[in-house]
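# Working through the structure, step by step
Now for the letters of each chain:
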Amino acid sequence: MNALFCSKPAHIVVAVLFLLAFLFFPWVANNYLLRIGTTMLMYSALALSWNFIGGFAGYPSFATAAFFGLGAYVGGILQNKGIPAPLAWLLAGLLVTIFAVVIGRIILHLKGHYFAIASLVIGDVLREIINGMTSLTGGGMGLNLAAQKMGVTEQAQFFYFSMLTVAGLALVTTVLLDRSRLGFGLRCIEQNEDAAVRIGINTDRFKTAAFMLSSTFVGMAGAVYVSWTGYIDPGEAFEVLISVKPIVMTLLGGAGTILGPVYGAFLFLLLEETVWRNFLNIHSGILGLLVVLLILFLPRGILNTNLWSVVEAHARVLRTYFRLLPRFQGINLWAWVVRIIRNIRHQS
Amino acid sequence: MSAILELRDVSRNFGGLRALDGISMSFGIGEVIGIIGPNGAGKTTLVNVITAVTPASSGDILFNGNPIQGLTPDRIAQIGIARTSQIVQPFPRLTVLDNVAAGALFAAGVNTIADARSSAMEQLEFTGLARVAHKLAATLSLADRKRLELAKSLAMKPKLLMLDEVNAGLNASEIDAALDLIRAIAASGVTILLIEHLMKVVLNACSRIAVLHQGRLIADGIPEAIVGDAKVIEAYLGRKFAARQRKVMETS
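Residues numbered from 1 in each chain as written. Chains lettered and ligands numbered in written order. Predicted model: local features only at pLDDT ≥ 70, side-chain atom pairs only at ≥ 80, totals over all residues.

### Notes on the overall build of chain B
For the record, the criterion: Helix and strand assignments come from DSSP, with helices taken as H or I runs of at least 4 residues and strands as E runs of at least 2, each series counted from the N terminus. Every radius of gyration here is taken over C-alpha atoms, with the globule rule written as 2.2 Å times N^0.38, N being the number of residues. Distance between backbone-placed C-beta atoms decides contact: two residues are in contact if it is within 7 Å.
Counting its secondary structure elements, chain B contains ten helices and ten strands. Over its C-alpha atoms chain B spans a radius of gyration of 19 Å, differing by no more than 12% from the 18 Å that the globule rule assigns to 252 residues. By principal-axis analysis of the C-alpha atoms, chain B measures approximately 65 × 40 × 35 Å. Contacts in chain B between residues far apart in sequence, at least 24 positions, make up 63% of those at least 6 positions apart.

Quick look at the structure:
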């Protein structure tokens, strides 16, 4: 499983082109595309972060929203106190990291479902606290930031590159982790925690480190996000989907791989945007269906699967279907599916 | 012979059950000691107590003369106590080489992954697993997985190696090969604690045998003495049989 994408030259070429595309994207994109690009980078950072604890260490954390919301509020409040944006983002990342270490020491002895629930609750607790601290956070009314003194296009580019930096840092950390003693130990913990203890791995410390890594860039992304949108409220900041989407993205791309989370974020948001534009009324239903299909056919994610073997396996079924097709003209399943999709599109 | 490990009046309770009851014994450097006893005698508990997986309820454990109670299992592994377990515990999606390298990396104080891999390769050659070094651990046969457990433990550079039923589930020729390995390991100065059901293995490999029964140490000595020990026969075969055996011995 180690560095699967590095093993083949073709993969490296794809990866390099993919990453270069992100770098040069702002020069070819309009503001709408730039906005989607920025969101994509933000979710890449979130998915790469979840990969540290969920992919490497195998602990299903739902704490992403907690880190994101906390980072957003810390970043927002600091900026309102007059601290320049980049410094506020760094401080938000730092504070969220410290928070993660404290929480990690408390909940990381839990395993499986118990850990998932415990990590899910953190965000809810933070939301209530921030809701209550009206004088500092604005409570349920939300927190407003002063508008940036920039043109619309410059602002779009500025935040694109800011998110690119955060996602880039997360990616570099992933590459370093993959080659490090810590990463090796986390893979051992993921596969057999009892055996990991037995060969001398201090699992408490290793898991806390993974949990810590999974928080830093999320906190920073939250802080960049609040500067970008200029407004945050507790409901949005601690939205449970912020925890769920990075997990789906990482699983889609390949948990425990280096670029899997980025591919997953790209694919997921591409699907989400396409479906949303074409099926306005039932977009979340269609998106859900597509995700189910993808997980069904690629249960271990893109980078953990030999794609060709999947195509081959299903090609046999499809070939049989198409060979038999003329005999079943009366119940042409394919035409039927196409008709349903057309109807849905007309309605929405 | 100086002692590498010394147990002083070690007990372990599980609720009302006294799984280990006042065990005192010491193990010398390079010794191969067999621990035998019926099911539930406390053999595996003894290993778990030494490795701090289930810490002792009372008593002292000295390793190299230093008390080791209160240390966590990962520290125990780092100071040179390794074990294999009854049920093999590989990292299924790592290669065989990386499985063993993990032992070197985290317990033997090797600093880089590259060094750990080269040290692992030596252990794989020693245990005869070099041919499958780059296969995933999940694909190995049971005999090879048992060897992998052994290789992983050896990569930890232990001073004391506890083998918990390392031969269970192996056929006769595999057991002979495993015995050769165990002797070779002992010859390199590692103290071995062999926990076994198979008398043949224990009598073949061990210089000393300790017998546990209902958490108590009922005999401790050279193999020849243990085989004739009345208490041991009683524990294994029942009181009636022991009495009959005694009569036979007296008349002959």
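Let us keep going from here.
### Here we look at the interface of chain B and chain A
Note the following rule: Three classes are used, and their members are as follows: Ala, Val, Leu, Ile, Met, Phe, Trp, Tyr, Cys and Pro are nonpolar, Asp, Glu, Lys and Arg are charged, and the others, Gly among them, are polar.
Every contact between the two is made by 18 residues of chain B and, on the other side, 17 residues of chain A. Listing elements by their share of the side of chain B that touches chain A, those giving two or more residues are helix H2 (73-78) and helix H3 (96-107) of chain B. Considering every element that reaches the side of chain B that touches chain A, the biggest residue donor is H3 of chain B, with five residues. Across the side of chain B that touches chain A, the residue classes tally to eleven nonpolar, three polar and four charged.

### Focus: unusual backbone geometry
Residues and elements named next belong to chain B. A positive phi angle is found at Asn 64, which is not glycine, with a value near 60 degrees. Here Asn 64 shows up in the loop between strand E4 (58-63) and strand E5 (66-67). Phi at Gln 214 is positive, roughly 50 degrees, even though this residue is not glycine. Here Gln 214 lies in the loop between strand E9 (208-213) and strand E10 (216-221).

### As for the pairing of strand E7 (residues 160-164) of chain B
Residue and element names in this part refer to chain B. Under the convention used in this document: With C-beta atoms placed from the backbone, a residue counts as buried when 20 or more other C-beta atoms lie within 10 Å of its own, as exposed when 12 or fewer do, and as partly exposed for counts between those limits. Note on pairing: DSSP must find at least two bridges between two strands before they are called paired.
Across the five residues that make up E7, a large majority, five, are buried. Residue alternation in E7 divides its side chains into two sets, Leu 160, Met 162 and Asp 164 and Leu 161 and Leu 163, and both sets are buried. Bridge count for strand E6 (residues 81-84) against E7 is four bridges, and the pairing is parallel. Counted as the bridge partner of Thr 84 is Leu 163 from E7.

### Some details on the confidence of the model for chain A
Selection criterion: Per residue, pLDDT captures the predictor's confidence, and it can take any value from 0 to 100.
Across chain A, pLDDT averages 88, with 93% of residues at or above 70. The low-confidence segment residues 1-6 of chain A (pLDDT under 50) makes 14 contacts with residues lying over four places distant or belonging to another chain.

### Notes on the sheet that holds strand E8 (residues 191-195) of chain B
Residues and elements named next belong to chain B. Stated formally: In this analysis, axes come from line fits to C-alpha atoms, helices being fitted only over the stretch in contact, and the angle between any two N-to-C directions falls in the range 0 to 180 degrees.
In space, the six strands of this open sheet follow the order E6-E7-E8-E3-E9-E10, with mixed pairing throughout. On the outer flanks of this sheet lie E6 and E10, each paired with one strand and no other. Between one strand and the next, the sheet's axes are offset by a mean angle of 20 degrees, whatever the strand orientation. Where E9 and E10 come together, five bridges link them in antiparallel fashion. For Ile 209, the partnering residue across the bridge sits in E10 and is Gly 221.

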